[in-house]
Amino acid sequence: MTSTAAAPPPPRAYRRLSVEERRAQLLVAALGLFAHRAPDEVSLDEVAVAAGVSRPLVYRYFPGGRQQLYEAALGSAADELKLCFTEPPVGPPTERVARVLDRYLRFVDEHDTGFSALLRGGSVVETSRTTTIVDGVRRAAAEEILSHLGRIGGAGGRGAGPRLRMMVRSWIAAVEAASLIWLDEGKQPPAAELRGWLVDHLIALLAATAATDEETAAVVRDLLALETSDGPAGRLAELVIPVVAEAAHLLPHATAAD
C-alpha cells in the first residue's frame, strides 16, 4: 500500500550574505543592544549572539572592536535620526514641525537608554568622533527647521542670520533636554502632550526673538500667513492673548492714560 503521508519540505537553501548585508546585520544587532543599555555595558560576545554569528566574525568586520562597532552603529542611528527631521514643505509650518517631533519622540522612545547615554556623554566609549556624529545630527536638525521657516542656505537661498540661527539651535538643545527629562520621568507626560508643548516653545521663542530682530519678525509674519485657526499657532494664540492682555498696564501709554 502506497503511503499518502506528505513528503517533508525540502531544506531551505543557504544564502551567503554579501559583505554589505552582513555588516548591516551586525549593526542592527548592535543597535538593538545599544538602544537599551549604555554602550560600555555591551560586549562583542553579546552582539555576536544577537546576530547569530561567531565572535571572530564580528571582529572580521570590525577589527577595531567595540569602539569601531559602536561608532558605526552610532553613525547608522544618526542617519535614522536625521530622517526624523525630514518633512515635505506641505501644510502650515507648525504642523510640519509637529510631525517631525512625533517621529523624533518615537525614536527616543524606541532607543531609550542608548539615547540617554549618547546625549549625556556618559559612556566610556565617547570620543571626538562620536561627538562629531552627534553634533552633525544637531546641525542637520537645525537646517531642516530653518527650511520650514523659509530660511534655506546654499546658492540662491535665503540663509538665516545669527539671531535666528542661534534661536533655532537653542530650541534644538531644549528639545534634547526635554527628551532626557521625559525619559527620567518615566515618559510622562504622554508623547503627544510633550510634542505640543515643544511646538508651543518654538512659537514662543520665535515671537520673543521677533520683538528685537527684524529678520525673525519677517519670518514670523510669513509663518502666520500660512497658519490656520485650528492649528498649533492658532490654538496657542487663543490661549496666550488673554494672558498677555493682563500685562496691558505695563505699557507706557497705559500709565499716561491713568
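Since we're looking at a predicted model, the values are computed, not measured.

(A) Spatial organisation of the environment of Pro232. Following the sequence through the fold, Pro232 ends up in helix H10 (residues 232-245). The class of Pro232 is buried, set by a relative accessible area of 11%. Once the C-alpha coordinates of Pro232 and Thr94 are considered, the two residues, 138 residues apart in sequence, prove to be 6.2 Å apart. Ignoring anything within four residues of it in the chain, the contact list for Pro232 reads Thr94, Glu95, Val199, Asp200 and Ile203.

(B) Just helix H7 (residues 162-184), in detail. The end-to-end C-alpha distance of H7 is 33 Å, a good match for the 33 Å that 23 residues give at a rise of 1.5 Å each. Taken together, the buried positions of H7 are Leu164, Met167, Val168, Trp171, Ile172, Val175, Glu176, Ala178, Ser179, Leu180, Trp182 and Leu183. Backbone geometry just after H7 places Gly186 at a positive phi near 70 degrees.

(C) Looking closely at the side chain of Glu176. Counting through the fold element by element, Glu176 comes out in helix H7. Engagement of the side chain of Glu176 in a polar contact is seen with the side chain of Arg138, the distance being 2.6 Å.

(D) A look at the pattern of salt bridges. Taken as a whole and assessed by the stated rule, the structure comprises 11 salt bridges. Across the salt bridge formed by Asp102 and Arg195, the nearest N and O atoms sit 2.9 Å from each other. Here Asp102, found in helix H5 (residues 93-120), pairs with Arg195, found in helix H8 (residues 191-210); they are 93 residues apart in sequence, far enough to count as distant. Where Arg139 meets Asp135, a salt bridge forms, and the shortest distance between an N and an O atom there is 2.9 Å. Of this pair, Arg139 and Asp135 both sit in helix H6 (residues 128-148), 4 residues apart, roughly one helical turn. Exposure remark for Arg139: the relative accessible area of 45% places this residue in the partly exposed category. Under the relative-accessibility criterion, Asp135 is labelled partly exposed at 23%. In the salt-bridge network here, residues are joined through shared partners; they are Glu87, Arg99 and Arg103.

(E) Highlighting H6. Taking 1.5 Å of rise per residue, 21 residues should cover 30 Å, and H6 covers 31 Å from first to last C-alpha, within 8% of that figure. For H6, the complete set of buried residues consists of Thr130, Val134, Val137, Ala141, Ala142, Ile145, Leu146 and His148. Gly150 lies just past H6 and shows a positive phi near 80 degrees.

Thresholds applied
Residues numbered from 1 in each chain as written. Predicted model: local features only at pLDDT ≥ 70, side-chain atom pairs only at ≥ 80, totals over all residues. Heavy atoms only, no water. Helix = DSSP H or I, 4+ residues; strand = E, 2+ residues; numbered from the N terminus. Buried < 20%, exposed > 50% of the residue type's maximum accessible area, 1.4 Å probe, protein only. Contact = heavy atoms within 4.5 Å. Expected span 1.5 Å × (residues − 1). Polar contact = N/O pair within 3.5 Å; in protein donor to acceptor, adjacent residues only side chain to side chain. Salt bridge = Lys/Arg side-chain N within 4 Å of Asp/Glu carboxyl O.

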